[in-house]
Amino acid sequence: MTGCGSEPAVKPVTQADAAVRIQQAKQAKAAAAAKVKANELGQVPVLMYHRIIKNPGSDDDRTPEKFRADLERLAADGYVPITAAEYATGKIGIPAGKHPVVLTFDDSSPSQLDLDDLGVPRQDTAVAILREIAAKHPGFRPVATFYVTRDMFGKTVKEEQAQALLWLKDNGFDIGNHTRDHVNLGTRSQKEVTEQITSIQKQVNSLAYHQPVTLALPYGSQPRKKDWALRGKGDGVAYNHSGVFLAGYTPAPAPFTKTFDPLGIPRIKAMDKKGDCTQFCSTAWLDWLKNNPDMRFTSDGDVGTVAFPKFKAPFLRKDFAARALPY
Ligand SMILES: [Zn+2]
């Protein structure tokens, strides 16, 4: 037997040995986390998109060229997309040293998803562009969350709606709830809020056997009691979302920190530095995160641990204490 010389080939393992080994393995993991400056209590940009179209009607729209450039920039800056469901449930499985970004698309417009009769996404739709950029950058996951309303990507035939939703599901995309009629929930009764949420949930469920994990509030407007958007029941179904997303204006806290609030998770509009967006949209915030790397979420490459510099320990949420890897 070849080996490292002085160690005997067979050695009885005592309980003390086992404890030492576990300790050593943890130290090795912490050292590896320190090496990549892992900071899993750092901030995560959740980008908000609406239509991807050639001739934008408003600042909410993005051209295919701009969307391509956004993704190229994210890849160059070391970001890897995760879904809103993965973010909100703390399943952030990306390589060591990489940063998560959540791509979200509201209002289920055909500019986001349009499939030909063989299920191939049409050119310049959001999913086609995302897959095109991912193919150019190995490791850049082509995933995103689509917040759907009753306007199911422009499809009115039930079977075609099912095709769209099933395609998303089969291709690793995440389907979230954006309410049935896209009403301002801030002015509605609990019954109306619940009905807006359960009806679309039932539709997604019956078409694609999928239960939305998160919800995006239309206009970012919270109901009178914020909790109504997170959990509720009516019409024979119940919902218990892992997160409810707003429409502005800052990066989001890591789901492992005490500052994470599932009732109102901020998002960032995808837009260049101009007008209202000089400071509070995606280009500005991505610049800021690049210039403040200590504030940004950096992965240790292990989905099971929450690695961070010891200094940040007071901000760790109790629920994740068992997974903590301070260094
Ligand atoms: Zn919307």
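Scroll up for the structure.
Residues numbered from 1 in each chain as written. Predicted model: local features only at pLDDT ≥ 70, side-chain atom pairs only at ≥ 80, totals over all residues. Heavy atoms only, no water.

Section: the environment of Ala-134
Along the chain, Ala-134 turns up in helix 4 (residues 126-136). In this structure, the C-alpha to C-alpha distance between Ala-134 and Leu-71, residues 63 residues apart in sequence, is 8.7 Å. Once residues lying within four places of it in the same chain are set aside, the contact partners of Ala-134 are Phe-140 and Pro-142. (Helix = DSSP H or I, 4+ residues; strand = E, 2+ residues; numbered from the N terminus. Contact = heavy atoms within 4.5 Å.)

Observations concerning the layout of surface pockets
Size it by volume and the largest pocket reaches roughly 330 Å³. For the largest pocket, the lining is made up of 19 residues, of which Met-48, His-50, Asp-60, Ala-247 and Lys-269 are closest to its centre. When its residues are assigned to classes, the lining of the largest pocket shows nine nonpolar, four polar and six charged. (1 Å grid on protein atoms, 1.4 Å probe; cavity = no way out; pocket = protein on both sides within 12 Å on 5 of 7 lines; lining within 4 Å. Points joined across faces, edges and corners; volume = space filled by probe spheres on them. Nonpolar A, V, L, I, M, F, W, Y, C, P; charged D, E, K, R; others polar.)

Some remarks on helix 1 (residues 15-35)
Taking 1.5 Å of rise per residue, 21 residues should cover 30 Å, and helix 1 covers 30 Å from first to last C-alpha, within 8% of that figure. Note on helix 1: the residue one or two positions beyond its end, Lys-37, has a positive phi of about 55°. (Expected span 1.5 Å × (residues − 1).)

Some remarks on the nonpolar core
Judged by nonpolar contacts, the single largest core of 41 residues is most densely connected at Leu-71, Leu-74, Leu-103, Phe-105, Leu-165 and Leu-168. Secondary-structure elements contributing two or more residues to this core are strand 1 (46-49), helix 2 (64-76), strand 3 (99-106), helix 4, strand 4 (145-148), helix 5 (158-170), helix 6 (190-208) and helix 9 (282-291). Tallying contributions element by element places helix 4 first for this core, with six residues. Setting aside chain neighbours within four positions, we find Phe-105 in contact with Tyr-49, His-50, Ile-52, Phe-67, Gln-112, Ala-126, Ala-144, Thr-145, Phe-146 and Tyr-147. Listed in part, the 25 residues of the second largest apolar core include Ile-82, Tyr-87, Phe-260 and Ile-265. (Core = buried A, V, L, I, M, F, W, Y, C linked by side-chain atoms within 4.5 Å. Buried < 20%, exposed > 50% of the residue type's maximum accessible area, 1.4 Å probe, protein only.)

Quick look at the environment of Arg-150
Within the fold, Arg-150 resides in the loop between strand 4 and helix 5. With near-sequence residues (within four places) excluded, Arg-150 lies in contact with Gln-161, Thr-179, Arg-180, Asp-181 and Ile-200. At 3.4 Å, the side chain of Arg-150 and the side chain of Asp-181 are in polar contact. (Polar contact = N/O pair within 3.5 Å; in protein donor to acceptor, adjacent residues only side chain to side chain.)

Quick notes on the packing of aromatic side chains
The description of an aromatic ring pair uses the distance of the two centres, along with the angle that the planes make with each other. Inspection of the entire model under this criterion finds 14 aromatic pairs. With 5.0 Å between their ring centres and 15° between their planes, Phe-105 and Phe-146 make a pair best called stacked. With Phe-105 in strand 3 and Phe-146 in strand 4, the pair connects residues that are 41 residues apart, well separated along the chain. In this pair, the class of Phe-105 matches that of Phe-146, namely buried. Their ring planes at 20° and their centres at 5.8 Å tell us that Trp-167 and Phe-173 sit as a pair that is stacked. Among the residues examined, Trp-167 registers a relative accessible area of 10% and is labelled buried. When its relative accessible area of 6% is taken as the criterion, Phe-173 is described as buried. (Phe/Tyr/Trp six-rings, centres within 6.5 Å; stacked < 30°, edge-to-face > 60°.)

Quick word on helix 2
The first and last C-alpha atoms of helix 2 sit 18 Å apart over 13 residues, in line with the 18 Å expected at 1.5 Å per residue. Looking only at helix 2, the buried set comprises Pro-64, Phe-67, Arg-68, Asp-70, Leu-71, Leu-74 and Ala-75. Mapping the buried residues of helix 2 onto a view down its axis gives an arc of 155°, with all of them on the same face. Those residues of helix 2 that are buried lie in contact with strand 1, strand 2 (79-82), strand 3, helix 4 and helix 9. Just past helix 2, the residue Gly-78 takes up positive phi, approximately 85°. (Arc of directions from axis to C-beta.)

Re the pattern of salt bridges
Considering all chains together, one arrives at 24 salt bridges under this definition. Residues Asp-60 and Lys-269 are paired through a salt bridge, measuring 3.7 Å at the closest nitrogen-oxygen approach. Taken together, the residues span a long stretch of sequence, with Asp-60 in the loop between strand 1 and helix 2 and Lys-269 in strand 10 (residues 268-269) at a distance of 209 residues. Each of the salt bridges in this network shares a partner with another, and the network as a whole consists of Arg-73, Asp-77, Lys-273, Asp-287 and Lys-290. (Salt bridge = Lys/Arg side-chain N within 4 Å of Asp/Glu carboxyl O.)

Re the pairing of strand 3
In summary, the side chains of a regular strand alternate between the two faces of the sheet. With eight of eight residues buried, strand 3 lies mostly within the body of the structure. Side chains His-99, Val-101, Leu-103 and Phe-105 project from strand 3 onto one buried face, and the interleaved Pro-100, Val-102, Thr-104 and Asp-106 project onto a second face that is buried too. Two strands pair when backbone bridges link them, and strand 1 and strand 3 are joined in this way by four bridges, in the parallel orientation. Residue pairing for strand 3: Leu-47 is matched across the bridge by Leu-103. Inspection of the sheet shows strand 2 paired to strand 3 by four bridges, in the parallel sense. Bridge pairing in strand 3 places Ile-82 opposite Val-102. Where strand 3 and strand 4 come together, three bridges link them in parallel fashion. Directly across from Thr-104, in strand 4, lies its bridge partner Thr-145. Taken together, strand 3, helix 4 and strand 4 form a β-α-β motif whose crossover is right-handed. (Pairing = 2+ DSSP bridges. Right-handed = clockwise from strand over helix to strand, strands pointing away.)

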